[in-house]
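Descriptive structure summary
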Amino acid sequence: MDRQPLTRATPGPRVTARPQGPLGNRRRRAVAGVSAAVVVGAVALAGCSSGTSPGSAASQAASAVQKAASAAASAASALASAAGGAGAAIASAEARASAAVSAASSAVAGIKGGLDAKGDVTVGAVTTGTDGKTLAQLTVTNHGQQSYRYVIQVNFTDENGKLLDATAVTVPDVAVGQGIQATARSNLSLSGTVKAEVANAVRF
């Protein structure tokens, strides 16, 4: 029997596969969720700056805050679930607070022709509702020369002044020299000592 010489096979080029699996997929979905939240917030707030009537703008302002805060909370929760760990939870809480403040601020700024009215609003008792949300009692006194409506940005902070959440409150017509009570309700369930402050307010 004839013997053939042995030859060694030449190895082919190495192919490095990108990591796959549940964790990678969850991270990609989380990033997509954050992007979606930003888009939802931007679309909602864009309606507040359009050429609508003051009453319609106030209604759109409150709706924009709720939509943006809800979208941001969902996206941040997805990100925390994908990444895991205490650090991710802290980052997601800060992201939610930042998104809420941005939405509330844009809601106030979206009122065309609004006059500064921060001096017309005072904050009273801060309590926790049955659903875990923080409630801040507001007193709105019209110091102007005609009746006005109000849109008020209220920020919620911890005892050290760290920003936790924010919301926008709409108040109907307040007669000259009269006062009216309103309630600012946080978007998130906040724990510990929570304070509330009027960050901005306009009357129109």
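The following refers to the structure shown. Given the structure is predicted, the values throughout are model-derived calculations rather than measurements.

Within the secondary structure, Asn187 is located in strand E6 (residues 179-189). Owing to a relative accessible area of 14%, Asn187 belongs among the buried residues under this scheme.

What the rule picks out here adds up to zero aromatic pairs. Its end group placed over the ring of Tyr148, Arg203 keeps NZ or CZ at 4.8 Å from the ring centre.

By size, the foremost hydrophobic cluster in this structure holds 21 residues, and its most contacted members are Leu138, Tyr150, Ile152, Phe156 and Val171. Those elements that provide at least two residues to this core are strand E3 (133-141), strand E4 (148-158), strand E5 (163-174), E6 and strand E7 (194-203). A per-element tally of this core places E4 first, with five residues. Not counting the four nearest positions on each side in its chain, Val171 is found in contact with Val140, Arg149, Tyr150, Ile152, Ile180 and Ala182.

A few words now on the sheet that holds E7. Ordered by their spatial adjacency, four strands build an open sheet running E1-E7-E4-E5, and the pairing between neighbours is antiparallel. What marks the edges here is a single partner per strand, and that holds for strand E1 (115-116) and E5. Looking at chain direction, E4 and E5 are connected through nine bridges and run antiparallel. What sits directly across from Ile152, in E5, is Val169.

Parameters and conventions
Residues numbered from 1 in each chain as written. Predicted model: local features only at pLDDT ≥ 70, side-chain atom pairs only at ≥ 80, totals over all residues. Heavy atoms only, no water. Helix = DSSP H or I, 4+ residues; strand = E, 2+ residues; numbered from the N terminus. Buried < 20%, exposed > 50% of the residue type's maximum accessible area, 1.4 Å probe, protein only. Phe/Tyr/Trp six-rings, centres within 6.5 Å; stacked < 30°, edge-to-face > 60°. Lys NZ or Arg CZ within 6 Å of the ring centre and 35° of its normal. Core = buried A, V, L, I, M, F, W, Y, C linked by side-chain atoms within 4.5 Å. Contact = heavy atoms within 4.5 Å. Pairing = 2+ DSSP bridges.

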